[in-house]
Amino acid sequence: MPSPRVLIAAVLAGAIAASTFVLGLDDPNAKQVWESILIGIGTLFATLLLEEVVRAAVNQLSRPEAGPIATTPGEGIRKGASVSRWDRHRMRALTSRLGRRLRDIRRLRWVVRPEIAPLPGQQAVLRQRPQVIEELYSVHEKLSSQRPSHRFSRLSHRRREQIAGSRPLIIFVQGKPGCGKSEVVCAVAHQVLDRYSGGVVYIDTRTVGAAKPASEVLKTCLEALKWPEREIPPLPADRLKLMRSLTAHRRILFVFDDVRHQNYLWEILPIGSGCTVFVTSDRDLGVRMPGTACYELAEPDIDEGLDILRAAAQLPEETRSEAAAEIVHFCGRLPLALRSAGERVAAGADLNDIADMLRDERTRLDLLDTENRKVKDRIFSEYRRLLPAERAALQWLTLVPSSSFQARALHLLSQVRPEEAENTLAYLAEVRMLDVIDTPRTPSAVRYRFNPLVRLLAQQDFQVPKVERRKALEFWDNDLLKTIEERLVDHDSDSVDHPAASWLDIIRAEYPSVLRVIRLASATQRWATCWKIAARAGGCVVGGVDIAQALAALELGVQAAQRDNSPLGEADTLLAKASMLIEVERYQEGFAVLDRVARLADSMLAKLADKKTPWQVRHCVVHRKRAEAYLQAAAYDQAGSSLAYALTWACEANDPAEKRLLKILRAELHHIAMTPLPSEELSDERLDDMSRYRYHLIQSELERRQLNWSSAGQPLLKELRLSDGDLRRVASLNYRLARLCLHQRTAESPLYGTPEDSATREEPQVGKELVRQAIRRATDALLAFKQIDDTAGIIRSRCLLARALTAAKLYVEAQLACDQAADEVSRRIDRADIAYLPLRARILRARGELRLRRGDLSGGFRELLTASMLFSQTCDWTSQTNVNKLLEANAERHSGDWGTAMPSRHSRIEGPPADRTAEIAWQDELIAQTDSLPAPRESKRPAGRRPNPHG
């Protein structure tokens with residue numbers, strides 16, 4: 001045999017010649033084939049050379065005259081020395097292991113590394129759901145650290161074969177259908193691909209209606225491993241043995257998508273401690289053993305849903321935020337549905353058109369079905385796996401008027417036993433056909449909720465006649481009426497205006513059903529029950545409920561109190577009606593109802609010689625609700641007098657709850673610190689819901705003034721969790737959170753609002769995130785105000801959204817938001833409304849900031865200066881101070897005369913006429929100076945003074 005040097009020279013010469021030949025090829029397929037041949041020839045020569053070297057070493061050691069191997073330079077083998085028994089044993093073991101390694105190399109079948117199957121949006125999902133990707137990657141890293149050691153030199157041959165034939169690491173990713181499990185797993189697979197020398201094998205086990213047979217899945221695996229098709233055995237057991245023999249000594253990453261049963265997994269699972277298997281499933285497969293991990297993939301949050309939609313629609317970030325947020329809501333935040341809607345936009349449809357079409361529930365599922373994405377089939381495949389009784393349970397639950405329900409609803413509607421109803425709902429939640437709601441007030445009361453798309457599918461499959469459905473709903477209403485009557489007996493002495501937490505939970509969770517119960521009690525002439533329920537149902541505004549129907553139900557309560565000869569009941573139901581009108585910012589109608597209550601209280605106080613305290617409390621509530629309306633509308637100039645009247649009546653009645661609430665309202669009006677309430681009062685029911693809500697608002701505002709941003713947001717986020725169900729509060733809290741983000745962005749950027757800030761190319765990541773959160777929160781507030789038909793809230797949210805879009809340098813979107821707000825003010829807000837002037841001021845502020853950022857200093861100064869004057873008239877000193885700071889920051893850059901005419905903090909516009917009609921004309925003349933708003937239409941309201949707000 002030639003010497004090793006000759007072999008090495010021959011191999012190098014051949015490699016150089018072959019490489020030169022391969023590089024000259026033009027056909028890429030031929031080039032790939034020759035590269036594989038070169039690698040095989042090189043490996044063969046290296047194996048032969050290594051075997052020859054090992055054999056020479058063994059022969060040298062086997063000679064009797066051989067001595068120990070030299071360990072240091074200059075030290076040789078002594079003649080006549082013998083090798084020790086331990087050294088001979090070590091060398092024989094080394095030779096045996098090297099021989100086995102070389103035999104494995106010779107038997108190695110050269111396999112092209114299989115690549116992962118292409119999935120839409122694999123790389124984009126890294127940007128859309130980074131937190132989920134990082135969490136699943138951490139699960140993979142933690143599980144990989146438990147992998148058995150591969151240091152075979154310290155293990156026997158038998159132990160090495162045991163490790164190679166052991167079970168691979170298994171990571172289960174579970175979630176409801178369409179939540180993006182496949183995309184997330186494939187994104188993580190791309191990140192860890194370099195660790196698996198054997199490549200990645202992706203197998204989709206789903207078909208239309210059922211899972212693929214295990215034999216077909218095994219055949220797909222063998223084909224992915226490049227096993228010749230003609231050599232694939234026909235029997236599933238033989239295919240499984242062959243696949244496991246190929247994976248036992250390799251490092252391969254498997255992805256089994258949509259595995260439905262545990263037994264099915266064992267029929268296709270490979271072996272090999274170097275392998276890792278990702279298993280996605282809609283249900284929990286129940287595998288709990290060493291070497292496995294489970295990851296629960298939830299629906300994406302609002303931000304991630306918007307990112308998924310915009311990526312699929314190929315839209316820039318933060319554009320068309322209102323329509324995009326609506327689509328995310330209609331799709332139930334399911335990535336599969338969001339990508340389907342986004343692909344329709346990318347194909348040429350308009351985002352607003354898609355939102356309008358998805359608003360119709362009858363055609364929503366059909367619209368989301370495309371050629372590449374079958375949303376309805378994907379959800380229906382899991383729905384079809386349910387038993388008939390479980391599908392019937394979902395169908396009956398679609399009759400519940402409320403957005404959430406308990407197991408008792410199924411018991412009443414479908415007439416099943418209570419235990420069976422609880423078990424059925426628990427199982428439906430386990431298979432992710434229902435969502436479990438977190439109830440912070442009553443953790444023991446488990447409530448469930450539908451995903452919007454699952455609810456639509458169950459409604460379409462509901463085949464029960466309408467007569468039976470009507471009977472079931474009547475039975476449901478009668479049972480709820482009976483439950484409320486029992487609750488009224490226990491809580492009849494509670495304050496109507498400060499209800500207990502248990503009442504609030506019922507009202508917010510079952511509000512549509514409560515309105516049905518009011519109508520049922522009126523129809524059955526249960527007058528006392530009717531007005532008592534109506535008196536406690538007025539301070540909550542829930543989405544999906546027509547405001548006109550709710551007001552009609554409360555009017556039935558007023559009539560029931562009159563027929564029950566209960567003046568106090570009549571006053572309480574009228575206060576509930578006024579509260580709802582004020583919540584949706586229909587101030588003139590609400591004040592008219594409050595005047596009616598005040599007249600009733602005055603008449604009763606004149607008749608009664610004693611027991612005047614209840615009517616004094618009603619007088620206090622009337623003026624306090626006026627003050628709350630002024631605070632809500634930002635008409636602070638009129639809130640002080642109403643609070644003073646309310647405090648006078650509270651002192652006469654000596655009502656501690658009203659005194660405490662009025663103290664909080666005064667602190668909120670003047671933005672002053674107040675004595676902190678004890679923590680036990682905030683956690684117990686001693687502090688009523690309204691007082692706790694107002695207290696958290698003032699605490700957030702005081703923390704904001706001290707620039708404690710995290711502390712300022714915590715009370716608002718806490719109230720957001722507690723107010724789930726009350727859409728009016730949710731909208732207000734989202735509005736305040738958006739405003740807080742903008743305040744923080746302004747405080748952390750000295751050039752905010754200036755042309756220099758607009759010209760800055762690179763913005764800090766913190767600033768970008770704050771602006772993004774402000775846009776998202778303002779959009780959420782806008783959609784919530786739309787659901788309750790609150791015109792003033794819609795305009796106010798549009799102004800804040802325009803400011804956030806201006807901060808994001810989306811000037812066209814901001815201009816459109818300003819124009820929409822201005823048009824709605826002119827068309828839908830009466831000039832005599834208390835919210836008219838504050839809304840005009842906010843529109844001017846949004847437009848002024850937009851003009852400044854675009855470099856129009858003169859126009860921006862005119863609009864901001866007028867906004868500052870209007871803020872001064874309404875005593876909104878905080879907004880005026882922020883506008884004046886922006887004016888002062890740009891005063892040196894402005895060459896006009898407006899810079900010297902900036903108002904002081906406490907200045908008020910001179911000469912506002914006392915007559916309201918003349919005052920309105922004077923305001924219009926002031927606003928017209930800016931030439932930025934459309935001319936207001938002539939008011940159809942007859943001339944005359946506004947009614948006295950205090951009766």
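Residues numbered from 1 in each chain as written. Predicted model: local features only at pLDDT ≥ 70, side-chain atom pairs only at ≥ 80, totals over all residues. Heavy atoms only, no water.

## Some details on the overall build of the protein
Here is the rule: Here a strand is any run of E in DSSP of at least two residues, a helix any run of H or I of at least four, and the numbering for each starts at the N terminus. Per-residue accessibility, obtained with a 1.4 Å probe over protein chains only, is compared with the maximum for each type, and a residue is labelled buried under 20%, exposed over 50%, and partly exposed between these values. Should any heavy atoms of two residues lie within 4.5 Å, those residues are considered in contact. Every accessible area reported is derived by Shrake-Rupley at a probe size of 1.4 Å, with residue values counting cover from the shown protein chains alone.
Assigned secondary structure in the protein consists of 42 helices and eight strands. Taken over 951 residues, the protein has a buried fraction of 52%. Looking at the protein alone, contacts between residues at least 24 apart form 72% of all its contacts between residues at least 6 apart. Counting only carbon and sulfur atoms, one obtains 53% of the accessible surface of the protein, whose full area is about 44,700 Å².

## Here we look at the sheet that holds strand E6 (residues 404-405)
Rules: A pair of strands counts as paired when DSSP detects no fewer than two bridges linking them.
With antiparallel pairing, the three strands of this open sheet are ordered in space as E6-E8-E7. Looking along the sheet, the strands with just one partner apiece sit at the ends: E6 and strand E7 (435-437). Two elements, E7 and strand E8 (residues 447-449), share three bridges in a ladder whose sense is antiparallel. Considered in E8, the bridge of Val 436 is made with Tyr 448.

## Points about the sheet that holds strand E1 (residues 169-174)
Spelled out, the test is: All axes here are fitted lines through C-alpha atoms, helices being fitted over the stretch that makes contact, and every angle between N-to-C directions spans 0 to 180 degrees.
The strand order E2-E3-E4-E1-E5 describes an open sheet built from five strands, whose pairing is parallel. Strands with a single pairing partner mark the edges of an open sheet, and in this sheet they are strand E2 (200-204) and strand E5 (292-296). Direction aside, neighbouring strands of the sheet carry axes that sit 15° apart on average. Its contacts with the sheet place helix H5 (residues 130-144) against E1, strand E4 (276-281) and E5, and it is angled at close to 155° to E1. Along the sheet, helix H8 (residues 214-224) contacts E2 and strand E3 (253-257); its crossing angle with E2, the most-contacted strand, is approximately 155°.

## A word on helix H24 (residues 527-535)
Of all the nine residues making up H24, eight are buried; the element is thus mostly covered by neighbouring parts of the structure. The complete set of buried residues in H24 reads Trp 527, Thr 529, Cys 530, Trp 531, Lys 532, Ile 533, Ala 534 and Ala 535.

## Here's the deal with the nonpolar core
If you look at soluble globular proteins, the nonpolar side chains tend to sit buried side by side. Going by this rule: Only buried residues count toward a nonpolar core, which is a set of Ala, Val, Leu, Ile, Met, Phe, Trp, Tyr and Cys residues joined through side-chain atoms within 4.5 Å.
Judged by nonpolar contacts, the single largest core of 116 residues is most densely connected at Tyr 511, Ile 518, Ile 533, Tyr 587 and Ile 795. Dropping the residues within four chain positions of it, Ile 518 is found in contact with Cys 530, Ile 533, Ala 534, Ala 537 and Ala 553.

## Considering the packing of H8 against helix H9 (residues 236-247)
The cut-off we apply is this: In this scheme, a crossing is called left-handed if the near helix is turned counterclockwise away from the far one by less than a right angle; it is called right-handed if the turn is clockwise. Any residue outside Ala, Val, Leu, Ile, Met, Phe, Trp, Tyr, Cys, Pro, Asp, Glu, Lys and Arg is labelled polar, Gly included; the first ten of those are nonpolar and the last four are charged.
Remark: H8 packs on H9, axes separated minimally by 9 Å, with the N-to-C direction vectors making an angle of 30°. Judged by the twist between their axes, the crossing of H8 over H9 is left-handed. Contact with H8, carried on its side by Ser 215, Glu 216, Leu 218, Lys 219, Cys 221 and Leu 222, involves Pro 236, Arg 239, Leu 240, Leu 242, Met 243 and Leu 246 of H9 and no other residues of that element. Looking at side-chain class alone, the contact of H8 with H9 contains eight nonpolar, one polar and three charged residues.

## Description of the environment of Ala 346
One can find Ala 346 in helix H13 (residues 335-346). Of the residues examined, Ala 346 reaches a relative accessible area of 36% and is grouped as partly exposed. Taking the C-alpha atoms as reference points, Ala 346 and Ala 313, 33 residues apart in sequence, are found 4.5 Å from one another. Here Ala 346 is in contact with Ala 312, Ala 313 and Gln 314, once residues within four sequence places are set aside.

## Re the environment of Leu 727
By secondary structure assignment, the location of Leu 727 is in helix H34 (residues 727-747). Overall, the relative accessible area of 15% leaves Leu 727 in the buried class. Remark: the alpha-carbon pair of Leu 727 and Gly 543, spanning 184 residues in sequence, is separated by 6.0 Å. Beyond its immediate chain neighbours, meaning those up to four positions away, Leu 727 contacts Val 541, Val 542, Gly 543, Ala 784, Gln 787 and Ile 788.

## Overview of the side chain of Arg 694
Within the secondary structure layout, Arg 694 lies in helix H32 (residues 689-705). Looking at Arg 694, the relative accessible area reads 10%, which means it is buried.

## Focus: unusual backbone geometry
The phi torsion at Asn 654 lies on the positive side, around 55°, for a residue other than glycine. Here Asn 654 lies in the loop between helix H29 (636-653) and helix H30 (656-670). With relative accessibility at 54%, the residue Asn 654 sits in the exposed group. The phi angle at Cys 875 is positive, at roughly 60°, despite the residue not being glycine. Counting through the fold element by element, Cys 875 comes out in the loop between helix H40 (857-873) and helix H41 (877-890).

## Examining the pattern of salt bridges
Between side chains of opposite charge, a pair can form when the charged atoms approach closely. Filter applied, for reference: Salt bridge criterion: a side-chain nitrogen from Lys or Arg within 4 Å of a carboxyl oxygen from Asp or Glu.
This model, assessed by the stated rule, comprises 52 salt bridges. Between Glu 585 and Arg 728 there is a salt bridge, with the nearest N and O atoms lying 3.4 Å from each other. Linking Glu 585 in the loop between helix H26 (567-583) and helix H27 (587-607) with Arg 728 in helix H34, this pair joins segments that are 143 residues apart in sequence. Pair check on accessibility: Glu 585 and Arg 728 agree, each one buried. A salt bridge links Asp 789 to Arg 828, with the shortest nitrogen-to-oxygen separation between them at 3.4 Å. Separated by 39 residues along the polypeptide, Asp 789 in the loop between helix H36 (765-787) and helix H37 (791-807) and Arg 828 in helix H38 (residues 811-828) bring together distant segments of the chain. The partly exposed category is assigned to Arg 828, whose relative accessible area is 40%. What emerges from the salt-bridge pattern is a single network uniting Lys 176, Glu 299, Arg 333 and Asp 435.

## Quick notes on the packing of aromatic side chains
To describe a pair of aromatic rings, one takes the distance between the centres and the angle between the planes. The test is simple: Here is the rule: rings of Phe, Tyr and Trp (six-membered ring for Trp) pair when centre to centre is within 6.5 Å. Planes less than 30 degrees apart are stacked, more than 60 are edge-to-face, and the remainder are tilted. A ring is considered to have a charge above it if a Lys NZ or an Arg CZ atom is located within 6 Å of its centre and within 35 degrees of its normal.
What the rule picks out here adds up to six aromatic pairs. Relative to Phe 462, the ring of Trp 396 lies with its centre 5.3 Å away and its plane at 75°, an arrangement referred to as edge-to-face. In this pair, Trp 396 sits in helix H17 (residues 388-397) while Phe 462 sits in the loop between helix H20 (452-460) and helix H21 (466-490), placing the two residues 66 residues apart along the sequence. A relative accessible area of 14% means that Trp 396 is categorised as buried. Here the aromatic cluster, defined as three or more aromatic residues joined through ring pairs, consists of Tyr 587, Phe 591 and Tyr 630. Above the ring of Phe 591, the side-chain terminus of Arg 626 is found at 4.9 Å from the ring centroid. Over the ring of Tyr 693 we find Arg 729, and its NZ or CZ is 4.2 Å from the ring centre.

## A look at the environment of Asp 282
Put simply, the rule is: By the criterion applied in these results, polar contacts are pairs of N or O atoms within 3.5 Å in which, for protein atoms, one can donate a hydrogen and the other can accept it, and in which residues neighboring in sequence qualify only through two side-chain atoms.
Counting through the fold element by element, Asp 282 comes out in the loop between E4 and E5. For Asp 282 and Asp 258, which are 24 residues apart along the polypeptide, the C-alpha to C-alpha distance reads 6.9 Å. When near neighbours in sequence (up to four residues on either side) are disregarded, Asp 282 contacts Gly 175, Lys 176, Pro 177, Lys 181, Asp 258, Arg 378, Glu 382, Val 431 and Arg 432. At a separation of 3.0 Å, a polar atom in the side chain of Asp 282 contacts the side chain of Lys 181.

## Re the pairing of E4
Worth spelling out the cut-off: For crossovers, right-handed means that the path from the first strand over the helix to the second runs clockwise, given strands pointing away from the viewer.
The buried count for E4 comes to six of six residues, which makes it a mostly enclosed element. The alternating pattern of E4 places Thr 276, Phe 278 and Thr 280 and Val 277, Val 279 and Ser 281 on opposite faces, both of which are buried. Both E1 and E4 contribute to a ladder of six bridges, which runs parallel. Paired with Ile 170 across the strands is Val 277, a residue of E4. The handedness of the E3 to E4 crossover, carried by helix H10 (residues 262-268), is right-handed.

## Focus: the packing of helix H39 (residues 836-853) against H41
How we decide: Each angle is binned into one of four classes, with values under 35 degrees roughly parallel, values over 145 roughly antiparallel, values of 65 to 115 roughly perpendicular, and all other values oblique.
Across the interface, H39 lies against H41 with an axial gap of 12 Å and an inter-helix angle of 20°. Taken together, the axes of H39 and H41 lie roughly parallel to each other. For the pair H39 and H41, the sense of crossing is left-handed. Across the interface between the two elements, Arg 842, Arg 845, Glu 849 and Leu 852 from H39 touch Ser 879, Asn 882, Val 883, Leu 886 and Asn 890 from H41. Considering only residue class, the contact of H39 with H41 consists of three nonpolar, three polar and three charged.

## Quick word on the confidence of the model for the protein
Detailed reading of the predicted model is not advised wherever pLDDT is low. Operational definition: As a per-residue measure, pLDDT reflects the predictor's confidence and takes values from 0 up to 100.
Predicted confidence across the protein gives a mean pLDDT of 78, with 73% of residues reaching 70 or more. Every residue in residues 61-83 is under pLDDT 50, and counting partners more than four places away or in other chains gives 23 contacts. Every residue in residues 926-951 is under pLDDT 50, and counting partners more than four places away or in other chains gives 58 contacts.

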